[in-house]
Amino acid sequence: MAENILETVRLLLVSREPAGLRPLWAVAEANAWHLETAASGWEAMERLQAGVAPHMLLLDLPRGDADGLHILRWLRRLRPELHVMVLSHGEDGARRNEALRLGADDVLERPVAEEQMEFRIRRCLSVSRNPAPAEIMSENVEALGEQESFLGSGPLMQKLRAQAELLAQADVPVLIAGEQGSGKDTVARLIHKYSIRSGFKFLKVNCAALPGDLLEAELFGSRDEMSGPGPRTGKFEAGQKGTVLLDEITEMADGLQARLLGVLQEQHFERSGGGPISAGARILASTSANLERALAENKLREDLYYRLSAFTVHVPPLRQRKEEINVLLRYFMHKLAQHYGLPPREFPATVLEACQRYSWPGNLRQLEAFTKRYLATGDHNLSLDELELDSAENGDPGQGTRRAAPAAARARGEEGAEDAGPRSLKSLIHSVKCEAEQNAIRAALEKTGWNRKAASRLLKVSYRTLLYKIEQYRMNASEPFFEPLPAERYPVPAGGVKGNGKAS
């Protein structure tokens, strides 16, 4: 920042007790600098997004604060040009080093004199701020476990990532809203990872997958004959000090919502036949429902909604962040190729263009499944036909342009162009059949705790047939999507899952 602009310096102080920093206020008044305050990193983020950006942000870290540096990660990605000074205490030497590592221009120890405060501010502002290091700016992928990552290369997802980092500091419930397949579960895991609870369990409960009694036992535990000699531990008790995600919260029965509200208010609950149990887990909730409609139809209690929605995060659908589609396609391709031990395939320009035009009603889940099929077949005409057919069924006005792609391929004499239509229909039927089988088998396995014999009885198929299908679809308890092995290795028995277990 040039010296001749120093008279119009704009400062933003992030502090819980801004009045206690009298030297800073005195320096600002003496130099006619404009000084604003924000009580939290969340408020500062909103200021930076909405208003005129300050020349410097001063981050006041309270003594013993373990999470105050989260905002620095966000600033260095989204505001690399902004000068940042951290105010800390002398005994927090470790945090001083961490602040400098994360990109702070300077760290000033309290108490501080006016002359030193002014000198250090002027010194920082007189040096042009270089963009953030390449390794920080290129941090588009945040690993959340062996099989899951958060990818945010566009502005909407970068902002969402910043919100998750800041929400991780506030140990309060968060409501995550968004369409199915948009990545709500991933955002919840991101909040957990950035929080001080990241060293403890992250547990997810799908409220739509279990009836009321089973869901209540899943959350609060139970004491019955089915659970054995001792009580069955519920997720709230098992997730002590960790995070519990309640997925599709609007599918929870009203009586159970009332009990959940009591847990949020009292931080404990009682299990039948036992005393009070502490509910120390942080609760996150997600929904793909329209919240206004859910409230109007009494599918979500108003008192529970207001308790959960103090902080609400909206995950944008894929059609609103199409600039990320090509990046996501490459990411899914390399991830899936590595998982299945196959060489990754390149997407032709025609497929990439079609993917950009397509609306992706299934969001990330549909995009990953599309990538998986292309990895397995390598037939770009089939991929184009798949997008065209789905667009036609959903009334996409752009289907006419895509319909010309297979015809153009046939005109060029490309291999496989002549039978693209029939193969596409056969592939579609096979895909629908396999997907229905997979969903039925997975639902039975999850309901029985992956007890395969119990699942075979539930599905009314032989144990041998179920084992065959589990191997055919490469199923395991931690993977939500499956890809059938080549048909020549595992011929599909006539009638699908039904049968006596004798594979032909």
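A quick note: this is a predicted structure, and the numbers were derived from the prediction, not measured.

How each quantity is defined
Residues numbered from 1 in each chain as written. Predicted model: local features only at pLDDT ≥ 70, side-chain atom pairs only at ≥ 80, totals over all residues. Heavy atoms only, no water. Core = buried A, V, L, I, M, F, W, Y, C linked by side-chain atoms within 4.5 Å. Buried < 20%, exposed > 50% of the residue type's maximum accessible area, 1.4 Å probe, protein only. Helix = DSSP H or I, 4+ residues; strand = E, 2+ residues; numbered from the N terminus. Contact = heavy atoms within 4.5 Å. Polar contact = N/O pair within 3.5 Å; in protein donor to acceptor, adjacent residues only side chain to side chain.

Caption draft 1: Looking closely at the nonpolar core. One finds Leu219, Phe236, Leu246, Ile249, Met252, Leu260 and Leu300 to be the most contacted residues of the largest nonpolar core, which totals 31 residues. Of all the elements in the fold, those that place two or more residues in this core are strand 8 (174-177), strand 9 (202-206), helix 9 (212-220), strand 10 (243-247), helix 11 (254-266), strand 13 (282-287), helix 12 (291-296) and helix 13 (302-308). Per-element accounting of this core gives the leading share, five residues, to helix 11. Dropping the residues within four chain positions of it, Met252 is found in contact with Cys207, Leu215, Leu219, Leu246, Gln257, Leu260 and Lys299. Counting residues in hydrophobic clusters, the runner-up holds 24 residues, among them Leu318, Met333, Leu336 and Trp360.

Caption draft 2: Summary view of the environment of Glu43. Residue placement: Glu43 occurs in helix 2 (residues 41-50). Look at Glu43 and you get partly exposed, because its relative accessible area is 26%. Taking the C-alpha atoms as reference points, Glu43 and Leu166, separated by 123 residues in sequence, lie 9.7 Å from one another. Beyond its immediate chain neighbours, meaning those up to four positions away, Glu43 contacts Thr37 and Ala38. Reaching out from Glu43, the side chain makes a polar contact with the backbone nitrogen of Ala39 at a distance of 3.1 Å.

Caption draft 3: Summary view of the environment of Gln257. Inspection of the secondary structure assignment puts Gln257 in helix 11. A relative accessible area of 1% means that Gln257 is categorised as buried. For Gln257 and Asp303, which are 46 residues apart along the polypeptide, the C-alpha to C-alpha distance reads 9.5 Å. If sequence neighbours within four positions are ignored, Gln257 has contacts with Ile249, Thr250, Met252, Lys299, Leu300, Arg301 and Leu304.

The values are spatial; any link to function lies outside them.
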